[in-house]
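# Summary of structural features
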Amino acid sequence: MTQPAYISNLKDYAKSRYSSAQDIADSVSDLSSESDRGAIILAATNIEDILEYSIVKLLPGLADDEPTRKRMFENDGQIAAVSKKIEMAYALGIIDKDYRKKIDLIREIRNACAHCRKPISLERPELRAACEAAMPDMLPHLIDTTAITLRRAFLTKCSFIAHYIGTGENLEGIEAQVKH
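So, here's what we can say about the structure. (Residues numbered from 1 in each chain as written. Predicted model: local features only at pLDDT ≥ 70, side-chain atom pairs only at ≥ 80, totals over all residues. Heavy atoms only, no water.)

### Re the overall build of the protein chain
What counts is decided by this rule: Runs of E in the DSSP output that reach at least two residues are strands. Runs of H or I that reach at least four are helices, and both are numbered from the N terminus. Only C-alpha atoms enter the radius of gyration; for comparison, a globular chain is expected to reach 2.2 Å times N to the power 0.38, where N is the number of residues. In this scheme, a residue with accessible area under 20% of its type's maximum is buried, one over 50% is exposed, and one in between is partly exposed, where area comes from a 1.4 Å probe on protein chains only. Contact between two residues is taken to exist if any of their heavy atoms lie within 4.5 Å; hydrogens are not considered. Per-residue accessibility takes into account occlusion by the displayed protein chains alone, with areas from the Shrake-Rupley method and a 1.4 Å probe.
For the protein chain, the count of helices and strands is 10 helices and zero strands. Counting from the amino terminus, the protein chain carries its helices and strands in the arrangement α-α-α-α-α-α-α-α-α-α. Here the protein chain has a C-alpha radius of gyration of 17 Å; the compact-globule value for 180 residues is 16 Å, and the two agree. Taken over 180 residues, the protein chain has a buried fraction of 33%. Sequence-distant contacts, at least 24 apart, represent 52% of the contacts inside the protein chain between residues at least 6 apart. Accessible surface, the protein chain: about 11,100 Å² in total, of which carbon and sulfur atoms supply 56%.

### Focus on the packing of helix H3 (residues 36-58) against helix H6 (residues 82-91)
As a reminder of what qualifies: To get an axis, a line is fitted to the C-alpha atoms, and for a helix only the part in contact is used. The angle between two axes follows their N-to-C directions and goes from 0 to 180 degrees. Just so you know how the angles are binned, under 35 degrees is roughly parallel, over 145 roughly antiparallel, 65 to 115 roughly perpendicular, and the rest oblique. For any helix crossing, the convention is left-handed if the near helix is rotated counterclockwise from the far helix by under a right angle, and right-handed if that rotation is clockwise. Residues were grouped as follows: Ala, Val, Leu, Ile, Met, Phe, Trp, Tyr, Cys and Pro as nonpolar; Asp, Glu, Lys and Arg as charged; and all remaining residues, including Gly, as polar.
Viewed as axis vectors pointing N to C, H3 and H6 meet at an angle of 45°, and their least axial separation amounts to 10 Å. Our classification of the angle between H3 and H6 gives oblique. Where H3 crosses over H6, the two elements pack in a sense that is left-handed. Contact residues: H3 offers Glu 48, Leu 51, Glu 52 and Ile 55, while H6 offers Val 82, Lys 85, Ile 86, Met 88 and Ala 89. Taken together, the residues of the contact of H3 with H6 sort by class into six nonpolar, no polar and three charged.

### Brief notes about a nonpolar patch on the surface
For the record, the criterion: Patches in this entry comprise residues that are over 30% relatively accessible and not in a salt bridge; like charges within 9 Å are linked, as are nonpolar side chains (Val, Leu, Ile, Met, Phe, Trp, Tyr) within 5 Å. Each salt bridge in this description consists of a side-chain nitrogen of Lys or Arg and a carboxyl oxygen of Asp or Glu lying within 4 Å of one another.
Nonpolar side chains collect at one region of the surface, where Tyr 18, Ile 24 and Val 28 lie side by side and expose about 310 Å² of accessible area between them. Mapped onto the secondary structure, Tyr 18 falls in the loop between helix H1 (5-15) and helix H2 (21-32).

### Some remarks on empty space enclosed by the protein
Convention followed: Lining residues are defined by having an atom within 4 Å of a point belonging to a cavity or pocket. Those points lie on a 1 Å grid over the protein atoms alone, cavities being sets where a 1.4 Å probe fits but cannot get out and pockets being open sets with protein on both sides within 12 Å along at least five of seven lines. Grid points are joined across faces, edges and corners, and a volume is the space filled by probe spheres set on the points.
Enumeration over the complete set of coordinates arrives at one cavity of 30 Å³ or more. Along the walls of the largest cavity sit Ala 44, Thr 45, Ile 47, Glu 48, Val 82, Ile 103, Ile 106, Arg 107 and Arg 110, which together make up its complete lining. Every element with two or more residues in the lining of the largest cavity is listed here: H3 and helix H7 (97-115). Of the residues that constitute the lining of the largest cavity, the class distribution is five nonpolar, one polar and three charged.

### A few points about the packing of aromatic side chains
The geometry of an aromatic ring pair comes down to the distance between the two centres and the angle between the two planes. Quick note on the threshold: Two aromatic rings, drawn from Phe, Tyr or Trp (for Trp, its six-membered ring), form a pair once their centres lie within 6.5 Å of each other, and the interplanar angle then sorts them: stacked below 30 degrees, edge-to-face above 60, tilted otherwise. The criterion for a charge sitting over a ring is simple: Lys NZ or Arg CZ within 6 Å of the ring centre, and within 35 degrees of the ring normal.
Considering all chains together, one arrives at one aromatic pair under this definition. Centre to centre, the rings of Tyr 99 and Tyr 164 are 3.7 Å apart; their planes meet at 10°, and the pair counts as stacked. With Tyr 99 in helix H7 and Tyr 164 in helix H9 (residues 147-167), the pair connects residues that are 65 residues apart, well separated along the chain. The aromatic ring of Tyr 90 is capped on one face by Arg 100, whose charged end is 4.0 Å from the ring centroid. Here the guanidinium or amino end of Lys 102 rests over the ring plane of Tyr 99, the centre of that ring lying 4.5 Å away.

### Regarding the side chain of Arg 69
What counts here: Throughout this description, a polar contact denotes any pair of N or O atoms lying within 3.5 Å of each other; where both atoms belong to protein, one of them has to be capable of donating a hydrogen while the other can accept it, and for residues adjacent in sequence the pair is counted only when both atoms sit in side chains.
Looking at the secondary structure, you find Arg 69 in helix H5 (residues 66-73). Side-chain polar atoms of Arg 69 contact the side chain of Glu 52, separated by 2.5 Å. Discounting chain neighbours no more than four positions away, the residues touching Arg 69 are Glu 52, Val 56, Leu 62 and Glu 74.

### Regarding the packing of H3 against H9
Viewed as axis vectors pointing N to C, H3 and H9 meet at an angle of 5°, and their least axial separation amounts to 9 Å. If you check the angle between H3 and H9, you find them roughly parallel. Within the contact between the two elements, H3 uses Asp 36, Ala 39, Ile 40, Ala 43, Asn 46, Ile 47, Ile 50, Leu 51, Ser 54 and Lys 57 and H9 uses Arg 151, Phe 154, Leu 155, Cys 158, Ile 161, Ala 162, Ile 165 and Gly 166. Partitioning the contact of H3 with H9 into residue classes produces 12 nonpolar, three polar and three charged.

Below you can see the structure in the form of C-alpha cells.
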C-alpha cells in the first residue's frame, strides 16, 4: 500500500540532513525555543545522526548505495534502532566503552522524554536526576542547578559527545574545555 504524498513528503523532510549553514542556525534557534522535553529529544537525535554518519563513513559499501543504507538504517533495518547504532559504533571503534555507556544513558533519557504520557521537564526530580547522572563532571562547575542551567549543561554535554563521535577528540573535563 502506497502512502499519500503528504506523508511521504513529511517523512522525507523529517529525515533530511542539514544542507547549509542556515539550516544549522535555524536548528540552534529552534532548540532554544523548545521545551526541556523537545530540547533533550533533539540533542539525542543529533547524537544519533552523528553515530549513523560515522558508521557509514567506515562502511564504504554504503557510501554510494542509498537503497542499502536506507534498508540498514531505517524502519526495521539491522542498524535502525539507536541502541544498535551505539553497539555498531562501539564495535567499529568509533566510540569507547565509556562513551558507549554515556550515549546509552542519553538514549534512555531521550526515550523517557519521547514516550512519557505525563508532562515532563527538568523541574521533575526523575528527569533532573537522570540528566545529572549524564554529566557528573560538569555539576561541580555549574553556577547554580536551576532547571535552565541544567538544561544548558545537558545540551552542552550532548554537544561534547557528538564532537567526540565525529572527531575522536574528547572535550570532556575542565582541562579539555579550557583548551577549547
